[in-house]
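This is what each chain is made of:
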Amino acid sequence: QVQLVESGGGWVQPGGSLRLSCTASGSRLIFQISDMAWYRQVPGKQRETIANITAGSTTNYADSVEVRFTISRDNTENTVYLQMSGLKPEDTAVYYCNTISGTYTWGQGTQVTVSS
């Protein structure tokens, strides 16, 4: 059973930066072949995919975060990262990671709050 643990969220002023981490417990081999993604959700709205990274490290971004956010992965640590810069109030949400298909049980997420 793979468990996902997100961390690194917090409060930041507009224009600030944060780096989120997501560590997956379980088989390193399975993680290495998994296409992973970061999602975010605002209360009352559907969870949205904002970035993904394939097993071969090809990345894709939602228009709303492209240029400002960077997804990366460290297969030796079973971890996927999301470097966020130029944060805006509309980036406020709970951030989650999972496979592109949402295969694993969702973790608790990490809250990101952007406000002055």
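Rules and cut-offs
Along each chain, residue indices are assigned from 1 in the same order as the chain's sequence is written. Only residues with pLDDT of at least 70 are given local features in this predicted model, and only at 80 or more are side-chain atom pairs given and counted; all residues enter the totals for whole chains, interfaces and linings. Where side-chain values are given, they derive from all heavy atoms of the structure, hydrogens and water being excluded. For two strands to be treated as a pair, DSSP must find at least two bridges joining them. Counting from the N terminus, the helices are DSSP H or I runs at least four residues long and the strands are E runs at least two residues long. Only Phe, Tyr and Trp rings are paired, with Trp represented by its six-membered ring, and only when their centres lie within 6.5 Å; those with planes under 30 degrees apart are stacked, over 60 edge-to-face, the remainder tilted. Using a grid of 1 Å spacing that covers the protein atoms alone, one calls a set of points a cavity when a 1.4 Å probe fits there but cannot get out, and a pocket when the set is open and has protein on both sides within 12 Å along at least five of seven lines; lining residues are those with an atom within 4 Å of a point. Grid points are joined across faces, edges and corners, and a volume is the space filled by probe spheres set on the points. The residue classification treats Ala, Val, Leu, Ile, Met, Phe, Trp, Tyr, Cys and Pro as nonpolar and Asp, Glu, Lys and Arg as charged. All others, Gly included, are polar. A side-chain nitrogen of Lys or Arg and a carboxyl oxygen of Asp or Glu constitute a salt bridge if their distance falls within 4 Å. Buried residues are those whose accessible area, probed at 1.4 Å on protein chains only, stays under 20% of the maximum for their type, while exposed residues exceed 50% and partly exposed ones sit between those limits.

Q: Outline the pairing of strand S5 (residues 48–53), listing residues and values.
A: In the sheet, strand S4 (residues 36–41) pairs with S5 via five bridges, with the strands oriented antiparallel. Note that in S5 the partner of methionine 36 across the bridge is isoleucine 53. Hairpin connection between S4 and S5: a loop of six residues separates the two successive antiparallel strands, and glycine 44 in this loop has a positive phi of roughly 85°.

Q: So what about the packing of aromatic side chains? Which residues, and what values?
A: In the structure shown here, the tally under the stated rule is two aromatic pairs. A ring pair is formed by tyrosine 39 and tryptophan 106, whose centres lie 4.9 Å apart and whose planes are at 80°; its orientation type is edge-to-face. Taken together, the residues span a long stretch of sequence, with tyrosine 39 in strand S4 and tryptophan 106 in the loop between strand S9 (93–99) and strand S10 (110–114) at a distance of 67 residues. Here tyrosine 96 and tryptophan 106 contribute two aromatic rings whose centre-to-centre distance is 6.0 Å and whose plane-to-plane angle is 85°, an arrangement assigned as edge-to-face.

Q: Give me the lowdown on empty space enclosed by the protein, citing residues and values where you can.
A: All chains considered together, the criterion is met by one cavity of 30 Å³ or more. The volume enclosed by the largest cavity comes to roughly 30 Å³. Considering the residues around the largest cavity, the lining is formed by Val2, Ala24, Ser25, Gly26, Ser27, Ile30, Phe31, Asn78 and Tyr104. Within the lining of the largest cavity, the residues separate by chemical class into five nonpolar, four polar and no charged.

Q: Go over the pattern of salt bridges with me, naming the residues and quoting the values.
A: Applying the stated criterion across every chain, the model contains three salt bridges. Between arginine 40 and aspartate 91 there is a salt bridge; the shortest N-O distance is 2.9 Å. Of this pair, arginine 40 sits in strand S4 while aspartate 91 sits in the loop between strand S8 (79–84) and S9; the two residues are 51 residues apart in sequence, bridging distant segments of the chain. Neither residue differs from the other here; arginine 40 and aspartate 91 are each classed as buried. With a closest N to O distance of 2.7 Å, arginine 68 and aspartate 91 form a salt bridge. Residue arginine 68 is located in the loop between strand S6 (59–61) and strand S7 (69–74), and its partner aspartate 91 is located in the loop between S8 and S9; the two are separated by 23 residues in the primary sequence. Of the two residues examined, arginine 68 and aspartate 91, each falls in the buried class. The structure contains a network of salt bridges with shared partners spanning Arg40, Glu48, Arg68 and Asp91.

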